[in-house]
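# Fold and geometry: a report
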Amino acid sequence: MAEQTHVLFVEDDDVIREATQLALERVGFAVTAMPDGLSGLEAFRARRPDIALLDVMVPGLDGVSLCRRIRDESTVPVIMLSARADSIDVVLGLEAGADDYVTKPFDGAVLVARIRAVLRRFGHAGGVRAEADPAAVDGGVLSFGDLEVDTEGMEVRRAGQPVGLTPTEMRLLLEFSSAPGTVLSRDKLLERVWDYGWGGDTRVVDVHVQRLRTKIGQDRIETVRGFGYKLKA
């Protein structure tokens, strides 16, 4: 029997927590649900889930701080839940290392779709484990100045030193390095990296590009105003 994908869900609202847990379990996920950030951190360390679903406003240790603590220890995918689409908490969560976010109130089917999209990027299928997508990996070491991208070993070096990237950052860099000098629009990056089959919030792209720049060099990825981004060849 295939092993279930394990979701850590941190939400302080009892009704939302219980209803969402049931909805996720109904489609095949194993769920550990916690009411606050501190118990969520303990559960993360004890259970090592496949994905973390964190509400921004939880007591004890807020969701953004919890995301930072998780990111310090793991590259496990993280989705933030925010009550307002225009909230600064969305950006703070992404800057803390979250891979995506969902706005509350959310439809259960939409939440499941977003979770499965993130899991596909990280080499899981919704509800069960799966092998990494071989189409996402291309052979060879690509060089861009002092930046080297090993697309087989999935490693990055800058001036000979290893660069630690999250899986989402790595996929973003692979998209850029597969077409150096070519402008990639935010919508195209949402489709290719975040697996969005629908329009998404481009702030996700912008924050991840900025995070990637801090690791590989601020001038390595150029902003082309009105169009998108490109990797300097």
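This structure is a prediction, so every number in the text was calculated from the model and none was measured. (Residues numbered from 1 in each chain as written. Predicted model: local features only at pLDDT ≥ 70, side-chain atom pairs only at ≥ 80, totals over all residues. Heavy atoms only, no water.)

### Looking at the overall build of the chain
Each helix and strand in the chain was counted, giving eight helices and 13 strands. Scored against the burial criterion, the 233 residues of the chain give a buried share of 46%. Accessible surface, the chain: about 10,900 Å² in total, of which carbon and sulfur atoms supply 50%. (Helix = DSSP H or I, 4+ residues; strand = E, 2+ residues; numbered from the N terminus. Buried < 20%, exposed > 50% of the residue type's maximum accessible area, 1.4 Å probe, protein only. Areas by Shrake-Rupley, 256 points an atom, 1.4 Å probe, with all protein chains shown as cover.)

### Overview of unusual backbone geometry
Most peptide bonds take the trans form, and the phi angle of most residues other than glycine is negative. Following Lys 104, the chain continues to Pro 105 via a peptide bond in cis, the omega torsion being -5°. Within the secondary structure, Pro 105 sits in the loop between strand E5 (100-103) and helix H5 (108-121). Not every positive phi belongs to a glycine, and Arg 48 is a case in point at roughly 50°. The topology assignment puts Arg 48 in the loop between helix H2 (37-47) and strand E3 (51-55).

### Side note on the packing of helix H6 (residues 167-178) against helix H8 (residues 203-216)
Two elements in contact, H6 and H8, have axes separated by 10 Å at closest approach and are oriented at 85°. In this view, H6 runs roughly perpendicular relative to H8, as classed from their interaxial angle. Only His 208, Val 209, Arg 211, Leu 212, Lys 215 and Ile 216 of H8 make contact with H6, whose side of the interface consists of Thr 168, Glu 169, Leu 172, Leu 173 and Phe 176. For the contact of H6 with H8, a count of residues per class yields six nonpolar, two polar and three charged. (Axes fitted to C-alpha atoms, helices over the stretch in contact; angles between N-to-C directions. Parallel < 35°, antiparallel > 145°, perpendicular 65-115°, else oblique. Contact = heavy atoms within 4.5 Å. Nonpolar A, V, L, I, M, F, W, Y, C, P; charged D, E, K, R; others polar.)

### Here we look at the pairing of strand E4 (residues 78-82)
Within E4, five of the five residues are buried, which leaves the element mostly enclosed by the surrounding structure. Taking every second residue as pointing to the same face, both faces of E4 are buried, with Val 78, Met 80 and Ser 82 on one and Ile 79 and Leu 81 on the other. Direction of pairing for E3 relative to E4: parallel, over a ladder of four bridges. Across the sheet, Leu 54 pairs through a bridge with Met 80, a residue of E4. (Pairing = 2+ DSSP bridges.)

### What about the sheet that holds strand E10 (residues 155-158)?
Strand order in the open sheet formed by four strands is E8-E9-E10-E11, with antiparallel pairing between adjacent strands. Either end of the sheet is taken by a strand with one partner, and the two such strands are strand E8 (141-144) and strand E11 (161-162). The sheet strands contacting H6 are E8, strand E9 (147-150) and E10, and the helix crosses E9 at an angle near 105°.

### Some thoughts on the environment of Asp 13
As for its placement among the helices and strands, Asp 13 is situated in the loop between strand E1 (6-10) and helix H1 (14-26). For Asp 13 and Asp 36, which are 23 residues apart along the polypeptide, the C-alpha to C-alpha distance reads 9.6 Å.

### Focus: the sheet that holds E3
Pairing within the open sheet is parallel, and its five strands lie in the order E2-E1-E3-E4-E5. In this open sheet, the two edge strands, each paired with only one partner strand, are strand E2 (30-34) and E5. Within this sheet the neighbouring strands show an average axis-to-axis angle of 20°, counted without direction. Running over the sheet, H2 touches E1 and E2 and is turned about 165° from E1.

### Some remarks on the packing of H6 against helix H7 (residues 186-193)
Across the interface, H6 lies against H7 with an axial gap of 10 Å and an inter-helix angle of 125°. It follows from the interaxial angle that H6 and H7 lie oblique. Considering how the two elements wind past one another, H6 and H7 form a crossing that is right-handed. For the pair formed by H6 and H7, the contact residues are Thr 168, Arg 171, Leu 172, Glu 175 and Phe 176 on the first element and Leu 189, Arg 192 and Val 193 on the second. The class makeup of the residues in the contact of H6 with H7 is four nonpolar, one polar and three charged. (Left-handed = near helix turned anticlockwise from the far one by under 90°.)

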